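Structural characterization, general
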Amino acid sequence: MKVGFCSLGCKVNAYETEYAINEFKKRGYEIVSFDDYADVYVVNTCSVTNASDQKSRKMLRSACNKNKNAVVVAMGCYAQVNSKVIEDIDGVSIIIGNKDKNKIVDLVEEYIKDNKKIENIYDLFHTSFEDMYLDKFENHTRAFVKIQDGCNNFCSYCIIPYTRGNVRSKKKENVISEIKALVKNGYKEVVLTGIHTGHYGQDLKEYDFSDLLLELEQIDGLERIRISSIEITELTDKFMDVLKTSKKIVNHIHIPLQSGCDKILKAMNRKYDMQYFINKINQIRSIRKDIAITSDVIVGFPGETEEDFEDTLDVVSKVKFEQVFMFIYSRRVGTPADKMENQIPEEVKHKRFDKLKALVESQIEENNKKYVGTKQKILIEGKSKTNEKVLTGRTDSNKVVNLEASEDLIGKYVNVNIVSEHMWYLKGEINE
């Protein structure tokens, strides 16, 4: 039987989809493109924005239309909080939210046997970590390892705590054994992922994220450790000490800002103010002077005045992030921010977004210039999506580098000279 997959949203979803693909393969299923005619379609849904909700519904309907007799599975965040809406999509066979993903093949085979619709939606605030294990990835040179799930922060704009539940962590011995197996299979770089990665260990006894990093540092053959994202409040002195001594944590860290205005941060239910944020940025740069710091910013949050927005521009200008992922505030039903007064008109949000975008792009151009003339070690990840003759890889600081080279270098580290800079990538040449 043939199975097609569609994975929407974050790296955690990507990891869980990869796990499901491997489980189907073990049972003898053939994996095909989601665009192909298949017997089973799996849509790992996302609900981080309204657009994500719409895309999730669209892909489920698409699957149902491709083959009226197919088993169509809706899982993930949108399925978790909108199962009643999915029930009305004719042709969806299985709805499982964010629990029982590790039982997906059994559930599909149960449906094939009994021909009875399955809907397993659980209270995720009273559950444990759902273990998954991967020792190889299809078409990936970097390995992603899910170490944590759930979030207890309840930012006022965010639906994710309701879709993912409480913080829960993978057992340290399982994380370590999984990464050792990945290294044994040739992976030299891992990306630690989670819904709230830096909160790893919050539910464990006397063991936290920094302790895990110290143990991973000792794994022979593992060359690079990347952290998908970490909150400013999780940059503890203990973490800073680990960063100071680590030879494997890459020279890049993603720290969400969201707003540069204390009033808006408080309304967002963020757990810091700007003075705290700036102090921590200065501290981390005192440890690693040239570390690349990227961030997230939301514009148009309810009650954001022009002065508040200017505060955000001022902070982005002063911190000089390597990159900023920008979002226009999207109302999410069920969150406190949805009920707030002073919702910002869409045209105002878009004007602010454009202004922030112009600032960020000017900073990217300026930052990229410092790489020209330097030597960089990059992991070749594959062919460029726009030119098959060009390979693409990443520096330690997460900069994309394009170069012309033999494709037998894919999956290997190479030393390159950076010869020019462009907005979204650097151009390199092999350093003989």
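Shown above is the structure to which this text applies.
Residues numbered from 1 in each chain as written. Predicted model: local features only at pLDDT ≥ 70, side-chain atom pairs only at ≥ 80, totals over all residues. Heavy atoms only, no water.

**Regarding the environment of leucine 257**
Basically, it comes down to this: Each helix is a run of DSSP H or I of at least 4 residues and each strand a run of E of at least 2, with the numbering of both proceeding from the N terminus. Between two residues, a contact is recorded if the distance between any of their heavy atoms is within 4.5 Å.
As for its placement among the helices and strands, leucine 257 is situated in the loop between strand S12 (252-254) and helix H10 (262-268). Separated by 163 residues in sequence, leucine 257 and isoleucine 94 place their C-alpha atoms 38 Å apart. If near-sequence neighbours (up to four positions away) are discounted, leucine 257 is found in contact with Leu265, Tyr272, Met274, Phe277, Ser295, Asp296, Val297, Val315, Val316 and Phe321.

**Quick notes on a nonpolar patch on the surface**
Where we set the bar: To count toward a patch, a residue needs a relative accessible area above 30% and no salt bridge. Like charges then connect within 9 Å, nonpolar side chains (Val, Leu, Ile, Met, Phe, Trp, Tyr) within 5 Å. The Shrake-Rupley method, run with a 1.4 Å probe, gives the accessible areas here. Residue values count only the displayed protein chains as cover. One side-chain nitrogen of Lys or Arg within 4 Å of one carboxyl oxygen of Asp or Glu is enough to make a salt bridge. Residue burial is assigned from relative accessible area. The probe radius is 1.4 Å, only protein chains are included, and a residue is buried under 20% of its type maximum, exposed over 50%, and partly exposed in between.
A cluster of nonpolar residues, Val81, Phe125 and Tyr162, forms a patch on the protein surface that exposes about 220 Å² of accessible area. Following the sequence through the fold, tyrosine 162 ends up in helix H6 (residues 160-164). The exposure class assigned to tyrosine 162 is partly exposed, which follows from its relative accessible area of 32%.

**Overview of unusual backbone geometry**
Notably, phenylalanine 154 is not glycine yet its phi reads approximately 50°, a positive angle. Inspection of the secondary structure assignment puts phenylalanine 154 in the loop between strand S8 (148-149) and H6. The class for phenylalanine 154 is partly exposed, based on a relative accessible area of 30%. Here the phi dihedral of lysine 320 falls at roughly 55°; this positive angle occurs in a residue that is not glycine. Looking at where lysine 320 falls in the secondary structure, it is placed in the loop between helix H12 (306-319) and strand S14 (323-328).

**A look at a negative patch on the surface**
The cut-off we apply is this: His residues and chain termini do not enter the charge count, which takes Lys and Arg as positive and Asp and Glu as negative. Charge placement uses NZ in Lys and CZ in Arg. For Asp and Glu, CG and CD serve respectively.
Residues Asp262, Asp273, Glu307 and Asp311 make up a contiguous surface patch of negative charge. Note on placement: glutamate 307 falls in helix H12.

**Looking at the packing of aromatic side chains**
For clarity, the threshold we go by: For this analysis, a ring pair means two rings from Phe, Tyr or Trp (six-membered ring only for Trp) whose centres lie within 6.5 Å, classed as stacked if their planes differ by under 30 degrees, edge-to-face if by over 60, and tilted for the remaining angles. A ring has a charge above it when a Lys NZ or an Arg CZ is no more than 6 Å from the ring centre and no more than 35 degrees off the ring normal.
A complete count under the given rule lists twelve aromatic pairs for this structure. With 5.5 Å between their ring centres and 75° between their planes, phenylalanine 34 and tyrosine 41 make a pair best called edge-to-face. Arranged with centres 5.5 Å apart and planes meeting at 75°, the rings of phenylalanine 154 and tyrosine 162 form a pair that is edge-to-face. The side chain of lysine 99 reaches across the aromatic face of tyrosine 122, ending 4.5 Å from its centre. A cation sits over an aromatic face here: lysine 377 above tyrosine 413, 4.9 Å from the ring centre.

**Quick word on the packing of helix H7 (residues 172-184) against helix H8 (residues 209-216)**
Here is the rule we go by: Axes here mean lines fitted to C-alpha atoms, for a helix over just the part in contact, with angles spanning 0 to 180 degrees between N-to-C directions. Throughout, a crossing is termed right-handed when the near helix is turned clockwise from the far one, and left-handed when it is turned anticlockwise from it by less than a right angle. Just so you know the grouping, Ala, Val, Leu, Ile, Met, Phe, Trp, Tyr, Cys and Pro go in nonpolar, Asp, Glu, Lys and Arg go in charged, and all remaining residues, Gly too, go in polar.
Interhelical geometry of H7 versus H8 gives an angle of 30° and a closest axis separation of 11 Å. In the packing of H7 onto H8, the handedness of the crossing is right-handed. Contacts between H7 and H8 involve Lys172, Val175, Ile176 and Ile179 from the first element and Leu212, Glu215 and Leu216 from the second. Classifying every residue of the contact of H7 with H8 by side-chain character gives five nonpolar, no polar and two charged.

**A closer look at the environment of isoleucine 232**
Mapped onto the elements of the fold, isoleucine 232 is located in the loop between strand S11 (224-227) and helix H9 (237-245). For isoleucine 232 and isoleucine 281, which are 49 residues apart along the polypeptide, the C-alpha to C-alpha distance reads 8.3 Å. Apart from residues lying up to four places away in sequence, isoleucine 232 is in contact with Ile255, Tyr272, Tyr276, Phe277, Lys280 and Ile281.

**Notes on the sheet that holds S11**
What counts here: Strand pairing is assigned whenever DSSP identifies at least 2 bridges connecting the two strands.
Reading across from one edge, S7-S10-S11 is the order of the three strands in this open sheet, with parallel pairing throughout. Both outer strands of the open sheet, strand S7 (143-146) and S11, are each paired with one neighbouring strand and no more. Looking at each pair of strands side by side, their axes are set apart by 25° on average, direction ignored. When S7 meets strand S10 (residues 189-193), the two strands line up parallel, connected through four bridges. The residue bridging alanine 143 from the neighbouring strand is valine 190, located in S10. Sheet strands touched by H8: S10 and S11. Its angle to S11, the strand with the most contacts, is close to 160°.

**Brief notes about the pattern of salt bridges**
Applying the stated criterion to the full structure yields 35 salt bridges. The residue lysine 263 makes a salt bridge to aspartate 308 at a minimum N-O spacing of 2.7 Å. You can see lysine 263 sitting in helix H10 and its partner aspartate 308 sitting in helix H12, a full 45 residues away along the chain. Ionic pairing is found between glutamate 310 and lysine 355, a salt bridge with its closest N-O pair at 2.9 Å. One end of the pair, glutamate 310, is in helix H12; the other, lysine 355, is in helix H13 (residues 346-369), with 45 residues separating them in the sequence. Note on lysine 355: relative accessible area 44%, which makes it partly exposed. By sharing partners, the salt bridges in this structure join Glu16, Lys101, Lys146, Asp149, Arg164 and Arg168 into a single network.

It is worth stressing that arrangement in space is one thing and function is another; only the former is reported here.
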